[in-house]
Amino acid sequence: MNLYGKAALFAGGVLFGSAGLKLLASKDAKKVYTHTLAAALRVKESAMGTVTSVQENAADILAAAEDINAKRAAQETVVEDDSAEVEG
């Protein structure tokens, strides 16, 4: 690429960058950014609600499973005690 081509690319980049900054700073662009961010925050809030619900359900399931295992262990202890009495 020759010197003129490089200079033209540089000038085009500067113009595009300047126009891009003005576009990004415009009221309409800020309004779009604000609405987009608000939507993203709503999605995050919804996702966090779902995560909280799943965590609560998992805690309930874990507690129920621990109760089942505690009852089973107590029954096995009773069966072992009965076996020891029969043998003895």
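Since the model is a prediction, treat every value here as computed from it, not as a measurement.

Draft legend 1. Spatial organisation of the overall build of the chain. The number of helices and strands found in the chain is two helices and zero strands. When each of the 88 residues of the chain is scored for burial, the buried share is 1%. Accessible area of the chain: about 7900 Å², with a carbon and sulfur share of 66%.

Draft legend 2. Seen up close, a nonpolar patch on the surface. There is a patch of nonpolar side chains on the surface, built from Leu 21, Leu 24, Val 32 and Tyr 33 and spanning about 410 Å² of accessible area. Contributing elements (two or more residues each) for the nonpolar patch: helix 1 (3-24) and helix 2 (27-87). In this fold, Tyr 33 is placed in helix 2. Taking the relative accessible area as the measure of exposure, Tyr 33 reaches 40% and is therefore partly exposed.

Reading guide: rules and limits
Chains are numbered independently. Their residues run from 1 in the order of the written sequence. In view of the model being predicted, local features appear only for residues whose pLDDT reaches at least 70, and side-chain atom pairs are presented and counted only at 80 or more, with totals across whole chains, interfaces and linings using the full set of residues. As a rule here, side-chain values cover all heavy atoms of the structure and leave hydrogens and water aside. A run of DSSP states H or I qualifies as a helix once it reaches four residues; a run of E qualifies as a strand once it reaches two. Both are numbered from the N-terminal end. Categorising residues by exposure relies on relative accessible area from a 1.4 Å probe, with only protein chains included: less than 20% of the type maximum marks a residue as buried, more than 50% marks it as exposed, and the intermediate range marks it as partly exposed. For accessible areas, the Shrake-Rupley method is used with a probe of radius 1.4 Å. Any residue's cover is judged against the shown protein chains and nothing else. Note that patches include only residues with greater than 30% relative accessible area and no salt bridge, and the join distances are 9 Å for like charges and 5 Å for nonpolar side chains (Val, Leu, Ile, Met, Phe, Trp, Tyr). A carboxyl oxygen of Asp or Glu within 4 Å of a side-chain nitrogen of Lys or Arg is what we treat as a salt bridge.

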